[in-house]
Amino acid sequence: MKKILAVVFVFVMALSLSLNVFAAPKGFVSSPSENKTPVIEDFDTSHDGCHGQLIITGYGDRNTLPDDRREDIEIAYKELANSKDIIDLCDDLKEVIKDKGINGKDLAISDLFDLHVEGCDQHEFEITISSEALKNFVGLMYKNSKGEWVYVKNAKVVKNGTALRFSVDEFSPFAIIVRRDITSPQTSDNTVNTYVILVSLLAVGMIFGCKKFAKKA
């Protein structure tokens, strides 16, 4: 009997953990790239004396960053995940979606990554990155040195929707903003709660079934 209950417990725990993996936190949608870091395809700077290297690091690889940059991207993640409405973080974004007729609550973040330059002072860079997270792309924003979210007005999707090109003169955590796909169900807190309840009921049913089986045996 104890062995049967142990098996049931392991099954329930495994299923619960799998739900946590597939559940996107509030303010985010599940990335089609499975949170892989975007790839820098090309970059150029207006400063001829700059021969630095651009480094891009996805949130999932944040532990490879220096402590200060890792802390910055973790703070950015918490702000985005805990925001009731992403547009509250950036005034310029409010104006953009107003012009496009998009409801702010339909927005989410598909990817979050750190971008910085090594071996060169900060200048204006034109950057092209490839990413699988550009479906329903709305915009790009980053956190400036004052801790404010800034909308990148020149960001645009290129190469048949496979790449993003933009120019910046400051480096920090960047977030790709997308419109939620209203044609497919989104994982939400309510959905997760429903799954948890179903898993709990399943566990109770299995335990009672095991007890009855044990008594008959």
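Going along each chain's sequence as written, the residues are numbered from 1 onward. Two thresholds apply to this predicted model, a pLDDT of at least 70 for residue-level local features and 80 or more for giving and counting side-chain atom pairs, whereas whole-chain, interface and lining totals are computed over all residues. To get the side-chain values, all heavy atoms of the structure are used, and hydrogens and water are removed first.

Caption draft 1: Layout of the nonpolar core. Grouped together as the largest cluster of nonpolar side chains are 24 residues, with contacts concentrated most on Ile-127, Leu-140, Phe-166 and Phe-174. When residues of this core are traced back to their parent elements, those giving at least two are strand S2 (53-58), strand S3 (107-118), strand S4 (125-130), strand S5 (137-143), strand S8 (163-168) and strand S9 (173-179). Excluding its chain neighbours within four sequence positions, the residues that come into contact with Ile-127 are Asp-42, Phe-43, Leu-54, Leu-115, Leu-164, Arg-165, Phe-166, Val-168 and Phe-171. The set of buried Ala, Val, Leu, Ile, Met, Phe, Trp, Tyr and Cys residues whose side-chain atoms join them within 4.5 Å is what this entry labels a nonpolar core. For every residue, the accessible area (1.4 Å probe, protein chains only) is compared with the maximum for its type, and the residue is labelled buried under 20%, exposed over 50%, or partly exposed between those bounds. Membership of the second largest hydrophobic core comes to 23 residues, among which are Phe-28, Ala-81, Met-141 and Trp-149. Secondary structure counts use DSSP, requiring at least four H or I residues in a row for a helix and at least two E residues in a row for a strand, with both numbered from the N terminus. Residue contacts are counted whenever heavy atoms from the two residues lie within 4.5 Å of one another.

Caption draft 2: Representation of unusual backbone geometry. Phi is positive for Lys-159, close to 55 degrees, though the residue is something other than glycine. With respect to the element layout, Lys-159 can be found in the loop between strand S7 (156-158) and S8. Among the residues examined, Lys-159 registers a relative accessible area of 46% and is labelled partly exposed. In this structure, Asn-160 is a non-glycine residue whose phi angle is positive, near 55 degrees. By the secondary structure assignment, Asn-160 is in the loop between S7 and S8.

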